[in-house]
Amino acid sequence: YNYGQYIWYNTCMREIEYFPQYEGYPPVKAAEADTLYAQAISEAKRAGVSELAYPKYFEPEWKPGQPKIGVLVIHGYTVGPLQMLELSKMFYQNNMAAYLPRLTGHGTNPEDLRHVKWSDWHRDVELAYQFLKSTCDQIYVLGFSLGGTLAYLLAAEYPEIKGVVTDGAIFKVAHWGAHALRILEAVLEHVFYRDLGMPRVPVPQEMRHIAYDIYPTRSTYQILEL
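Source: prediction; values computed, not measured.

Grouped together as the largest cluster of nonpolar side chains are 34 residues, with contacts concentrated most on Tyr 57, Leu 72, Ile 74, Tyr 99, Trp 121 and Leu 154. A per-element tally of this core places helix α5 (residues 118–135) first, with six residues. Core analysis: the next-biggest nonpolar cluster, separate from the first, contains 18 residues, Tyr 22, Leu 87, Phe 91 and Tyr 92 among them.

Have a look at this one:
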């Protein structure tokens, strides 16, 4: 538990300027043709996603008779699969497979995120689970923030999932600002036909293909819908 807590607070939640880069470890498993993993990579390519933000699957060398345990690792809002890289390394080192899907609208630019519905994110994690199910005997789901909310929804729909681990999962936003956001989104969308990018922490230009520097109002509203 203590080591996991250390990983959370020193990789997933640290300043965005120190966002991890992928340097080839663990080795990415090549996507076999006609698999859901290959389909997810193809979708990322068509969307113009940076290669660093592609879905990634890490599979250890399992010994005969060894249980094949896999972890579906779901990133948070406005970032991408690399947010979960350090945790995935830990799983790989302990003979567990890890699949890092990309949620639709991430890995390109915030404008693409504006046009996404929460059902698109749900589809992403559902297909990711189906892929992992085809390679592993036991599956756990781990999610951060928006990824945590999606993890719980997925586990509610697939009771065979062995366990769920989350940090910052969103269940209900009780703050008055959430209600104001619903009104603001409706006015912007149906009256002014535009969106508003809410400020976030500064992100270096070279990192914006991985992590966005704003929360688009429309897609933030989709989190409330989820």
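To continue, consider the packing of aromatic side chains. Inspection of every chain in the model, using the stated rule, returns 10 aromatic pairs. Ring geometry for Tyr 25 against Tyr 92: centres 5.8 Å apart, planes inclined by 90°, an arrangement best described as edge-to-face. With Tyr 25 in the loop between α1 (2–12) and α2 (36–46) and Tyr 92 in helix α3 (residues 85–93), this pair connects stretches of sequence that are 67 residues apart. Taking relative accessible area as the criterion, Tyr 25 reaches 38% and is therefore assigned partly exposed. A residue is classified by how much of its surface remains accessible, and Tyr 92, at 17% relative accessible area, is buried. Ring geometry for Tyr 129 and Tyr 158: centres 4.8 Å apart, planes at 45°, overall tilted. In this pair, Tyr 129 is assigned in helix α5 and Tyr 158 in the loop between α6 (146–157) and β5 (163–167), connecting sequence segments 29 residues apart.

Another point: the packing of α2 against α5. It is at 9 Å that the axes of α2 and α5 come closest, and there the two elements cross at 145°. Counting all contacts with α2, which are made through Leu 36, Tyr 37, Gln 39 and Glu 43, the residues of α5 involved are Arg 123, Leu 127, Gln 130 and Phe 131. Split by residue class, the contact of α2 with α5 holds four nonpolar, two polar and two charged.

This part takes up the pattern of salt bridges. As enumerated under the stated definition, the model contains six salt bridges in all. Between Arg 123 and Glu 43 there is a salt bridge, with its nearest N and O atoms 2.8 Å apart. With Arg 123 in helix α5 and Glu 43 in helix α2, this residue pair connects regions lying 80 residues apart in the sequence. In this structure, the salt-bridge partner of Lys 133 is Glu 160, at a minimum N-O distance of 3.5 Å. Of this pair, Lys 133 sits in helix α5 while Glu 160 sits in the loop between α6 and β5, and the two are 27 residues apart along the sequence. On the basis of relative accessible area, Glu 160 is assigned to the partly exposed category, the value being 40%. Linked by salt bridges that have partners in common, Glu 43, Arg 123 and Asp 124 make up one network.

What follows deals with the pairing of strand β4 (residues 138–144). In terms of burial, β4 is largely enclosed, as five of its seven residues are buried. Pairing of strand β2 (residues 69–74) with β4, which is carried by six bridges, proceeds in the parallel orientation. Residue pairing across strands places Ile 69 opposite Gln 138, the latter belonging to β4. Following the chain from β4 across α6 to the adjacent parallel β5, one finds a crossover that is right-handed.

Cut-offs used in this document
Residues numbered from 1 in each chain as written. Predicted model: local features only at pLDDT ≥ 70, side-chain atom pairs only at ≥ 80, totals over all residues. Heavy atoms only, no water. Core = buried A, V, L, I, M, F, W, Y, C linked by side-chain atoms within 4.5 Å. Buried < 20%, exposed > 50% of the residue type's maximum accessible area, 1.4 Å probe, protein only. Helix = DSSP H or I, 4+ residues; strand = E, 2+ residues; numbered from the N terminus. Phe/Tyr/Trp six-rings, centres within 6.5 Å; stacked < 30°, edge-to-face > 60°. Axes fitted to C-alpha atoms, helices over the stretch in contact; angles between N-to-C directions. Contact = heavy atoms within 4.5 Å. Nonpolar A, V, L, I, M, F, W, Y, C, P; charged D, E, K, R; others polar. Salt bridge = Lys/Arg side-chain N within 4 Å of Asp/Glu carboxyl O. Pairing = 2+ DSSP bridges. Right-handed = clockwise from strand over helix to strand, strands pointing away.

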